[in-house]
Amino acid sequence: KKLNRDAIADILCAEYGLKMAESKRVLNTVFDTIVESVTKGETVSIPSFGKFVPVDFPARAHVDPSKPVGSPKVWKEATTRVKFRPFKHFKECVAEGKVAK
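Below is a short write-up of the structure. Given the structure is predicted, the values throughout are model-derived calculations rather than measurements. (Residues numbered from 1 in each chain as written. Predicted model: local features only at pLDDT ≥ 70, side-chain atom pairs only at ≥ 80, totals over all residues. Heavy atoms only, no water.)

**Some points on the overall build of the protein chain**
Short version of the rule: A run of H or I in DSSP counts as a helix once it spans at least four residues, and a run of E counts as a strand once it spans at least two, with each numbered from the N terminus. Here the radius of gyration uses the C-alpha set of atoms, whereas the globule reference equals 2.2 Å times the residue count to the power 0.38. Two residues form a contact once any of their heavy atoms are found within 4.5 Å. Method for areas: the Shrake-Rupley scheme with a 1.4 Å probe, in which residue coverage is limited to the protein chains shown. His is not counted, nor are the chain ends, whereas Lys and Arg count as positive and Asp and Glu as negative. Note that the charge is assigned to NZ on lysines, CZ on arginines, CG on aspartates and CD on glutamates.
When its secondary structure is counted, the protein chain shows three helices and five strands. Secondary structure of the protein chain in N-to-C order comes out as α-α-β-β-β-β-β-α. The C-alpha radius of gyration of the protein chain comes to 19 Å, more than 25% above the 13 Å expected for a compact globule of 101 residues. Considered along the principal axes of its C-alpha atoms, the protein chain spans approximately 60 × 35 × 25 Å. Taking the intrachain contacts of the protein chain between residues at least 6 apart in sequence as the baseline, contacts between residues at least 24 apart amount to 41%. Accessible surface computed for the protein chain: about 8300 Å², of which carbon and sulfur atoms make up 58%. Separation of charge centres in the protein chain, based on 19 positive and 12 negative side chains, amounts to 5 Å.

Structure below.
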């Protein structure tokens, strides 16, 4: 079972009496703010949930696993990826199968 953006928007509508367009704007603002902050190299921390951390990976030589052994290495450029690190409360809720409210 999956929970997507539209399903979260429906929950916001039901919980707070928002119209669908309003809930989608709120949701998009939250997601856009998280992406913008992490893109700037900032860590985004949401209490009782987790944090989004940008992680820098240096440039390196890479072996393409789809190529035969002994093939030349491919150069991978430096990049930044995002990692999500759940906080203790989040992990405990998932492990115990309980719904956090």
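**Some remarks on the sheet that holds strand 5 (residues 79–86)**
As a reminder of what qualifies: Any two strands with at least two DSSP bridges between them are considered paired. A fitted line through C-alpha atoms serves as each axis, taken over the contacting stretch for helices, and the angle formed by two N-to-C directions is quoted from 0 to 180°.
The strand order 1-2-5 describes an open sheet built from three strands, whose pairing is antiparallel. The open sheet has two edge strands, strand 1 (44–46) and strand 5, and neither has a second partner. Between one strand axis and the next, the sheet turns through 25 degrees on average, direction left out of account. Across three bridges, strand 1 lies against strand 2 (residues 50–57) in antiparallel orientation. Following the sheet pairing, isoleucine 46 is matched in strand 2 by glycine 50. Packed on one face of the sheet, helix 2 (residues 20–39) meets strand 1, strand 2 and strand 5 and runs near 140 degrees to strand 1.

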